[in-house]
Amino acid sequence: MHNILKIKEIFSKDGILICFNGSFTHGIIEEIGNAIRSHLEEEHLGRDRITDVFAVYVEQTQNVRNYLKNRDLSIHVDSTAIMLIVQSGSDYMLCSGNIIVRKDVDSLREKLEKINSLDKMALKT
């Protein structure tokens, strides 16, 4: 019990709202999405802001699920993924990760570097 209280303290200090570690089943994605939407509505964020954060969440989780499915990785063992939603002031950061096949590393790195170089308008496009 002491460890879970320590984790809660760390999460609170770092602004971590949600941390999920495991398989992204459709049900899990939906429930976390509902929790995100509810939290953002309680924060009285504008509709556009809620939509932006929610859209990023959906995109990230779908990317993880689709990658794992397309690579025929086991849904129970190799598909372990992580999703982290952090609030920093009025900003929200969504981070996700999953196991990838070694041969995909360079290609994925190139795609991520391109995405990271885009400005806000290019990202929306």
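Residues numbered from 1 in each chain as written. Predicted model: local features only at pLDDT ≥ 70, side-chain atom pairs only at ≥ 80, totals over all residues. Heavy atoms only, no water.

Overview of the confidence of the model for the chain
- With 94% of its residues at a pLDDT of at least 70, the chain reaches an overall mean of 88.
- The lowest-confidence element of the chain is helix α5 (residues 120-124), averaging 84 in pLDDT; the highest-confidence one is helix α4 (residues 105-116), averaging 93. (pLDDT = per-residue confidence, 0-100. Helix = DSSP H or I, 4+ residues; strand = E, 2+ residues; numbered from the N terminus.)

Details of the pairing of strand β3 (residues 91-98)
- Where strand β2 (residues 81-88) and β3 come together, eight bridges link them in antiparallel fashion. The residue bridging Q87 from the neighbouring strand is Y92, located in β3.
- Linking β2 back to β3 in an antiparallel pair, the connection comprises two residues, with G89 at a positive phi of about 65°. (Pairing = 2+ DSSP bridges.)

Observations regarding the nonpolar core
- One finds F24, I36, Y57 and I85 to be the most contacted residues of the largest nonpolar core, which totals 18 residues.
- It is helix α3 (residues 47-70) that provides the largest number of residues to this core, a total of six residues. (Core = buried A, V, L, I, M, F, W, Y, C linked by side-chain atoms within 4.5 Å. Buried < 20%, exposed > 50% of the residue type's maximum accessible area, 1.4 Å probe, protein only.)

Some words on a nonpolar patch on the surface
- Taken together, L112, I115, L118 and L123 make up a surface patch of nonpolar side chains, about 350 Å² in accessible area.
- Of note, I115 is situated in helix α4. (Patch = residues over 30% accessible without salt bridge, like charges linked within 9 Å, V, L, I, M, F, W, Y side chains within 5 Å. Areas by Shrake-Rupley, 256 points an atom, 1.4 Å probe, with all protein chains shown as cover. Salt bridge = Lys/Arg side-chain N within 4 Å of Asp/Glu carboxyl O.)

Some words on helix α2 (residues 26-42)
- The end-to-end C-alpha distance of α2, which contains 17 residues, comes to 24 Å, matching closely the 24 Å that a straight helix rising 1.5 Å per residue would cover.
- All buried positions along α2 are accounted for by I29, I32, G33, I36 and L40. Buried positions in α2, seen along its axis, are confined to an arc of 105° and lie on one side of it. Exposed residues lying more than 90 degrees from the buried face of α2 are E31 and E42.
- Summarising the contacts, the buried residues of α2 are in contact with β1 (16-22), α3, β2 and β3.
- Directly beyond the C-terminal end of α2, a positive phi value near 60° is found at H44. (Expected span 1.5 Å × (residues − 1). Arc of directions from axis to C-beta. Contact = heavy atoms within 4.5 Å.)

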